[in-house]
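Topology and contacts: notes
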Amino acid sequence: MEPAELAGGGDPPEPGGRPGPGPPRCFVPQKEIVYNKLLPYAERLDAESDLQLAQIKSNLGRAVQLQELWPGGLFWTRKLSTYIRLYGRKFSKEDHVLFVKLLYELVSIPKLEISMMQGFARLLINLLKKKELLSRDDLELPWRPLYDMVERILYSKTEHLGLNWFPNSVENVLKTLVKSCRPLWFDELIGLWVSVQNLPQWEGQLVNLFARLATDNIGYIDWDPYVPKIFTRILRSLNLPVGSSQVLVPRFLTNAYDIGHAVIWITAMMGGPSKLVQKHLTGLFNSITSFYHPSNNGRWLNKLMKLLQRLPNSVVRRLHRERYKKPSWLTPVPDSHKLSDQDVTDFVQCIIQPVLLAMFSKTGSLEAAQALQNLALMRPELVIPPVLERTYPALETLTEPHQLTATLSCVIGVARSLVSGGRWFPEGPTHMLPLLMRALPGVDPNDFSKCMITFQFIATFSTLVPLVDCSSVLQERDDLTEVERELCSATAEFEDFVLQFMDRCFGLIESSTLEQTREETETEKMTHLESLVELGLSSTFSTILTQCSKEIFMVALQKVFNFSISHIFETRVAGRMVADMCRAAVKCCPEESLKLFVPHCCSVITQLTMNDDVLNEEELDKELLWNLQLLSEITRVDGKKLLLYREQLVKILQRTLHLTCKQGYTLSCNLLHHLLRSTTLIYPTEYCSVPGGFDKHLSEYFPIKDWGKPGDLWNLGIQWHVPSSDEVAFAFFLLDSFLQPELIKLQQCGDGELEMSRDDVLQSLTIVHNCLIGSGNLLPPLKGEPVANLVPSMVSLEETKLYTGLEYDLSRENHREAIARVIRKLLNHILNNSEDDTKSLFLIIKIIGDLLQFQGSHKHEFDSRWKSFNLVKKSMENRLHGKKQHIRALLIDRVMLQHELRTLTVEGCEYKKVHQDMIRDLLRLSTSSYSQVRNKAQQTFFAALGAYNFCCRDIIPLVLEFLRPDSEDVTQQQFKGALYCLLGNHSGVCLANLHDWDCIVQTWPAIVSSGLSKAMSLEKPSIVRLFDDLAEKIHRQYETIGLDFTIPKSCVEIAELLQQSKNPSTNQMMPSLEEIKEGLRRQQVKNADALRNYENLVNTLLDGVEQRNLPWKFEHIGIGLLSLLLRDDRVLPLRAIRFFIENLNHDAIVVRKMAISAVAGILKQLKRTHKKLTINPYEISGYPKSTQILAGDRPDNHWLHYDSKSIPKTKKEWESSCFVEKTHWGYYTWPQNMVVYAGVEEQPKLGRSREDLTEAEQIIFDHFSDPKFVEQLITFLSLEDRKGKDKFNPRRFCLFKGVFRNFDDAFLPVLKPHLERLVADSHESTQRCVAEIIAGLIRGSKHWTFEKVEKLWELLCPLLRTALSNITVETYNDWGTCIATSCESRDPRKLHWLFELLLESPLSGEGGSFVDACRLYVLQGGLAQQEWRVPELLHRLLKYLEPKLTQVYKNVRERIGSVLTYIFMIDVSLPNTALTASPRVPEFTARILEKLKPLMEVDEEIQNHVMEENGIGEEDERTQGIKLLKTILKWLMASAGRSFSTAVTEQLQLLPLFFKIAPVENDNSYDELKRDAKLCLSLMSQGLLYPHQVPLVLQVLKQTARSSSWHARYTVLTYLQTMVFYNLFIFLNNEDAVKGIRWLVISLLEDEQLEVREMAATTLSGLLQCNFLTIDSPMQIHFEQLCKTKLPKKRKRDPGFVGDTIPSAGNNTELVKRHAGVLGLGACVLSSPYDVPTWMPQLLMNLSAHLNDPQPIEMTVKKTLSNFRRTHHDNWQEHKQQFTDDQLIVLTDLLVSPCYYA
């Protein structure tokens, strides 16, 4: 996250309240980063930032006025974004507005190169981010230019032809920009949304719009009428599985709403007088709570968890906005609609249940913990107690570790609310100590995850609470509250807690000391897990000690000291952990601790090194190593406190730096490194949660008041360590004593005067490296001459210097330069003499990297700290009050990060000779013999390239030297190294592809011709892979480079204003006229250069590709690069055009494919423009414009329809027609400026001879008129590429479309024989080829004259007839695509030949059912493209199809179903839409119902007794009916997924029929009719209902429930389950409907058929479970009455009668009633599977009375009880509290095996 984003909060007084230095500020900053004011050198920053801002303003203004987008403009905009990162928006409002306007103008320069546009846009987004800083009065931007840009780029006409290459992130950048501008057409959109049913793609975007609208206008829009619909849709989009038969409509899985948008919308609608939203929200959670239970799992779970996590977060944000945020110009929330306390409580109550269930979810407890954190901010008293109830038992049990980690992570989330108590939950803090004590056993060496969560838990609580024993206060004060007294006495346990924690840690450490194994395997590093534990341990321990009172600390210190001196640890694992604990102790109280540790360690080390033999031992004594390790860690403390011991420490260094044992001298180097760092860096020395610590006497300071208190940003009182002159002197003394001698030795070694062994060199280098990274802060950066003339610029490109707290002492020699000199010499020596000394080379690479960039901290360390800071901040922040209410330690950390950010800001450094030398050294290392050395050097090399301005241009030629084909002595390693240097790493620069002509002109040709280099071998897979990666990366990252860098006038005007603006301003002059002229001249030269470079590059690449023995791989790479160079603003040079045309017939298919795309692009470039005229549609139709909007078929758009009476059939009619090609024009409204093509005379001339063509066109003309060339081309195009996978290829279609568009029918004579031959051949690939050519012909003939078009169709019609009769399984898709492509965006009246041909007789029956189905498919493709403009054709087709609906063949039926869907597609019920002229569903359905009458009236089950062959003679009506029904089912199923609105009233009348047919069991052996009926019902039940349809559906269901077929009654219930859930809130909003459903289900409980009764019970329990119905007393009484029904006495049986037969239920109404009662009670019990409501025990008792009733009652009771046991078993301990003892005894008897609960 960019630091700039953190600059939240208001602008309170200056921190520390110190008087401002010097005169007051000359401007009010918009919003600066407050943390800067807390830095130790804060008073210097105002001057520094003013200077930088002034430079940015004047130079940016100057660059734009001088027409210099690059380098000047880009350089200074980058500086501006760095400025924002360092200081926030620290400029005046006037400047802010100017910056925004300037960047807006820059972004919308029409021909701007895309990569620049992105750079500008990102900065612009950053400037617009904080909405409250600029109000509408300050700034208004026109939205039109942005809209045009989005249209130009995202819907680009040319990108797919390869004429423009855009980066992938452009889309997001642009969309974010567009978000900042929005008007409002509310009624129209919401009307559209409410009436659309089948989630189309754009519905999600509408929801997003509504959500943003609602948030910006809380309380100004009345959402109430839409609430049920909104919630129903949100519930549907969660895709939950429902009901007994689960068939999900596939489309639901693809488009569901983004949960984020839905959440924002809900939050914005909450509150207000009506409370409607809260009611629905409660309903929503009630209905889905059971899905959160941990035993449920599915793909829907992620969505549900996201909902839980986002909703509380969003509500907290809204509360913050209403109650705590500074008001800004954004629309304020009216008081009537602010959230009241009651609203908040209701919200928390409705969501808490699912959250508590989600704690133990299978996906982990993260979402639940985040939700709880936000909920606890609002209502701790509702949230924390239930969490604790789950935590205490989890801490007790040892058997469920998952439970423990889940609960602990949730408690961590609510920690702050728990500890601070507050008015809502004062008893919160009393839970803290018991929790801490109980968590201790979690420090467990055997369970890693438990250990980590426990560390986090303990650390979190210790950060929040001062660990001070206040029990003595009880005697002294009597004004304490009850809770405070309790806390005081509890705090006596703190000391105990700390000591026990330490014991646990010691245990952990001892268990990880595995001496024997460690030493043998000699593992250098800890394992990953161990390092995590180490981190957790040390940070937790240091947090605890920081928060301790002095007394507790001293005890702890003594304890840790004793532990560390009484053992000797191995230094890899255990030693590191102990040393960390000691370091933590020393950091907290340096004086006391150093007194203990330093003398002890020093004396041990001195004693052990008395004897000089030790110095040369390979293996050192463990005790010595351990003490060295301990000493090196405890010196990482406040430098001032170390100065007392300097003599002792220097002595130790002198003894140990030159030990022979590597481990020994490495530890000693660490000591040196830490001493230097401690004395020279700037850092805070304490992180206590209260400034000043806890050492005050309890009488004046009462720590309990500080529990959970946030730090006060304005009185942070940070104790900084700023190096004193003594410390700096000490540091230089260390450097002189230890660095200097090493440098002298290495210098001599490099000169070859001194022989050093490798180990000695390594040791010296280690010392040098540690000195360098210890004192990086003291050493000034390298000086030297800048490298001149890399880029010409008229603007200064100077680097900005940031002050980081130290003045450099320039009187001393700069060690950095000395090291640089020596190391370069040594490097040269090693590379020439002993290149295999890789260990030394690794160190040299590190040293070079640090020499170039290290100023006290490393980038990767900073990044990981930034990340962890953000994580901690998220887990502990208080989003409700906002305003940086973080804990003090966190705030201090943030200020420290701000300081580090300043030391790390290196971009835009000047590139000097010194840097040049070192980067060249790195390049040499990057191409050396050993791959590991190369790898490390390359990473450093890339980092360096990113830091210095324009150094890439200087380096590229050197890298390319290695790739030259004519160089003799390049090794394969150098060749590979150079390629890697070109490739770059994933984040850095890619040299092969810099967006700059000068660079690409060198690199691309070099890559191609490197194929002839001696070092290149395609045998080596690694090299082949490298070239693939290079080519892939260039293709992925290439963005079209601009040729035109002009800056429009509007930009320059704003730039002038910017340069003149005062406060702060520089005294730089405005550019003079001469300069401006010079700028213009340079810019024209630059444009000319770019053009020259472009053509030059194309020619060099062609030369490269045409070299004689170039391997094929490189030829392909070269052609690929050439194809990237097609542009939409320049035609390719002729030579390249000829090259691509010839390659259409290349042997390799890869090349042919590239050539096809390229030639299609070239034809697009050569397209001549066609003249257009503006017309007025109302004049043509002769109808005036209507006042309100009416969509659909109106009199004024009737002339666009296809009308066979007025089809243009003669030349005159054709030329007088006004053709409108765009299908969507005129349906909703007309475009404001409607243009159509002008007449034939004004268009470019057709039928040109060769002389009339341009040169480029002649090349194409010659090739395509050559029969041999065409024959070869067609042969290639009709080969198959991948068998069975090929599809209609749009690229080839574009190629032919272009040819016929640019040269009209010139090539038809050559092609005609080929077409006729291809059509007759039924092979898949030949048919595909001819389909592509025909589609190209039809689309390419758009502007042909009437005679030519007529001739064309005379040729095409017979071809198409042949093709359609030869259609096969493999090719029907391609023909469908062909026809659909031909009809897309074409006026239907132009294509009348085609439509008439297709409509001749689609179902002729010739060629069998398959050909019929295919013809329909092709026809459907054509008509669907035309949408609403061909009503006449649709009517004709429907009329033709209706008698044929009784088709026998399945494939034809399915196709007819699909065609019907398209026929009725336009019959939609959108708001303000006229009735369509196309066919309408209601009329059609009415006719169908008439024909299905015979089936409706029969009662018996409908069998599918239709033989599949068509018998002669009349069949009876029923058989006809059944066949018809099958087709209708296909139609309904097809339209369920496609059409815009669901089942209309007439279709509902078909329901009873389906209910009758649909089978009950799931069995695949059923015939098609039954399966379809079942699927169709399932789909219809998931449809969205409009409120007015509810009564109609219920009517149908009630009627069916009386049906004599029990299958129908059974299916009614399954239908009902799904329908109610998917339309939950629409039903709940209609009381009659709820009553109706209740009555229906309860009456079906008494059905005579057993299966129906059981299904009714299941349905009832489902409706109860999702809270659609409630268990009220009338319902209970009703069931209990039924249970009491007396059963008739059994007759005595004959002795001969064996077994117990189930009495037939027919005559036994009493049994049925009794069973109904038992089922009802069972449904109530099963409706709450995860808890025990108060009424449950009694119901269970009532049920148990029926255990001995006759079957089926006994079965039901048993099933209910066993289900009850299954679902309540997990938490039985909790549940059994609800039962009395007597009830428990009965229950235990019932649930047969009592050991189950033992």
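About the criteria used
Residues numbered from 1 in each chain as written. Predicted model: local features only at pLDDT ≥ 70, side-chain atom pairs only at ≥ 80, totals over all residues. Heavy atoms only, no water. Helix = DSSP H or I, 4+ residues; strand = E, 2+ residues; numbered from the N terminus. Buried < 20%, exposed > 50% of the residue type's maximum accessible area, 1.4 Å probe, protein only. Contact = heavy atoms within 4.5 Å. Areas by Shrake-Rupley, 256 points an atom, 1.4 Å probe, with all protein chains shown as cover. pLDDT = per-residue confidence, 0-100. 1 Å grid on protein atoms, 1.4 Å probe; cavity = no way out; pocket = protein on both sides within 12 Å on 5 of 7 lines; lining within 4 Å. Points joined across faces, edges and corners; volume = space filled by probe spheres on them. Nonpolar A, V, L, I, M, F, W, Y, C, P; charged D, E, K, R; others polar. Axes fitted to C-alpha atoms, helices over the stretch in contact; angles between N-to-C directions. Parallel < 35°, antiparallel > 145°, perpendicular 65-115°, else oblique. Left-handed = near helix turned anticlockwise from the far one by under 90°. Core = buried A, V, L, I, M, F, W, Y, C linked by side-chain atoms within 4.5 Å. Expected span 1.5 Å × (residues − 1). Salt bridge = Lys/Arg side-chain N within 4 Å of Asp/Glu carboxyl O. Patch = residues over 30% accessible without salt bridge, like charges linked within 9 Å, V, L, I, M, F, W, Y side chains within 5 Å. Lys, Arg positive; Asp, Glu negative; His and termini not counted. Charge placed at Lys NZ, Arg CZ, Asp CG, Glu CD.

**A word on the overall build of the protein**
The helix and strand tally for the protein stands at 77 helices and six strands. Counting over 1798 residues, the protein shows a buried share of 57%. For the protein, long-range pairs separated by at least 24 residues make up 80% of all intrachain contacts whose partners lie at least 6 apart in sequence. Of the accessible surface of the protein, which amounts to about 77000 Å², a share of 52% is contributed by carbon and sulfur atoms.

**Quick word on the environment of F494**
Along the chain, F494 turns up in helix α22 (residues 494-512). Assessed through its relative accessible area of 0%, F494 is described here as buried. A sequence separation of 57 residues divides F494 from M437, and the C-alpha atoms of the two residues are 9.4 Å apart. What F494 contacts, discounting residues up to four positions off in sequence, is M432, L433, V465, P466, L467, V468, I552 and W707.

**Describing the confidence of the model for the protein**
Mean pLDDT for the protein: 79, with 86% of residues reaching 70 or above. Segment residues 191-200 is flagged for pLDDT under 50; beyond a separation of four residues in sequence, or across chains, it makes 46 contacts in the model.

**Considering unusual backbone geometry**
Its identity as a non-glycine residue notwithstanding, D1304 has a phi of 30°, on the positive side. With a phi close to 50°, S1385 is a non-glycine residue in the positive phi region. Considering the arrangement of structural elements, one finds S1385 in the loop between α57 (1372-1383) and α58 (1392-1399). On the basis of relative accessible area, S1385 is assigned to the partly exposed category, the value being 24%.

**Describing the layout of surface pockets**
When its volume is computed, the second largest pocket comes out at roughly 1700 Å³. Along the walls of the second largest pocket sit 49 residues, with L357, Y1730, N1771, E1774 and H1775 positioned nearest its centre. For the lining of the second largest pocket, the secondary-structure elements that each account for two or more residues are α14 (341-358), α16 (380-396), α17 (401-420), α71 (1650-1665), α75 (1753-1768) and α76 (1772-1775). Here the residues of the lining of the second largest pocket sort into 20 nonpolar, 23 polar and six charged.

**Things to note about the packing of helix α45 (residues 1073-1105) against helix α46 (residues 1112-1124)**
Running from amino to carboxyl end, α45 crosses α46 at an angle of 160°, the nearest separation of the two axes being 9 Å. The angle between the axes of α45 and α46 places the two elements in the roughly antiparallel class. Where α45 crosses over α46, the handedness of that crossing is left-handed. Contact residues: V1098, L1101, L1102 and V1105 in α45; E1115, G1118, I1119, L1121 and L1122 in α46.

**What to know about the side chain of D954**
Note on placement: D954 falls in helix α40 (residues 951-961). Not counting residues within four places of it along the chain, the set of residues in contact with D954 comprises L790, Y911, Q916 and R920.

**Brief notes about the environment of N828**
The residue N828 is located in helix α34 (residues 815-833) in this model. Separated by 93 residues in sequence, N828 and D921 place their C-alpha atoms 8.7 Å apart.

**Brief notes about the nonpolar core**
Membership of the largest hydrophobic core comes to 522 residues, with the highest contact counts inside it found for I288 and F347. The residues contacting I288, other than those within four sequence positions of it, are L235, L238, L240, L304, L307 and F1621. Grouped together as the second largest cluster of nonpolar side chains are 20 residues, L45, L681, Y683 and I718 included.

**Observations concerning the packing of α14 against α16**
Taken N-terminus to C-terminus, the directions of α14 and α16 make an angle of 20°; their axes are 10 Å apart at the nearest point. Put simply, α14 runs roughly parallel to α16. Pair α14 / α16 crosses with right-handed handedness. Taken together, the residues of α16 that come into contact with α14 (itself represented by T345, V348, Q349, I352 and L356) are L382, V383, P386, V387 and R390. Tallied by class, the residues present in the contact of α14 with α16 amount to seven nonpolar, two polar and one charged.

**A look at helix α4 (residues 114-128)**
Over its 15 residues, α4 extends 21 Å from the first C-alpha to the last, a length consistent with the 21 Å expected when each residue adds 1.5 Å. Of all the 15 residues making up α4, eleven are buried; the element is thus mostly covered by neighbouring parts of the structure. For α4, the complete set of buried residues consists of I114, M116, M117, Q118, F120, A121, L123, L124, I125, N126 and L127.

**Section: empty space enclosed by the protein**
All chains considered together, the criterion is met by eleven cavities of 30 Å³ or more. What the largest cavity holds in volume is close to 80 Å³. Residues of the lining of the largest cavity, tallied by class, amount to five nonpolar, one polar and three charged.

**Concerning the pattern of salt bridges**
All chains considered together, the criterion is met by 65 salt bridges. In this structure, E807 and R44 form a salt bridge, with 2.5 Å as the shortest nitrogen-oxygen distance. Of this pair, E807 sits in the loop between α33 (758-774) and α34 while R44 sits in the loop between β1 (31-32) and α1 (45-65), and the two are 763 residues apart along the sequence. Here E1347 ties to K1211 by a salt bridge, and the two come within 2.8 Å at their closest N and O atoms. Of this pair, E1347 sits in helix α56 (residues 1346-1365) while K1211 sits in helix α50 (residues 1211-1216), and the two are 136 residues apart along the sequence.

**Some remarks on a negative patch on the surface**
Together, D469, E493, E495, D496, E551 and D695 make up a negatively charged patch on the protein surface. Mapped onto the elements of the fold, D469 is located in the loop between α19 (448-464) and α20 (473-476).

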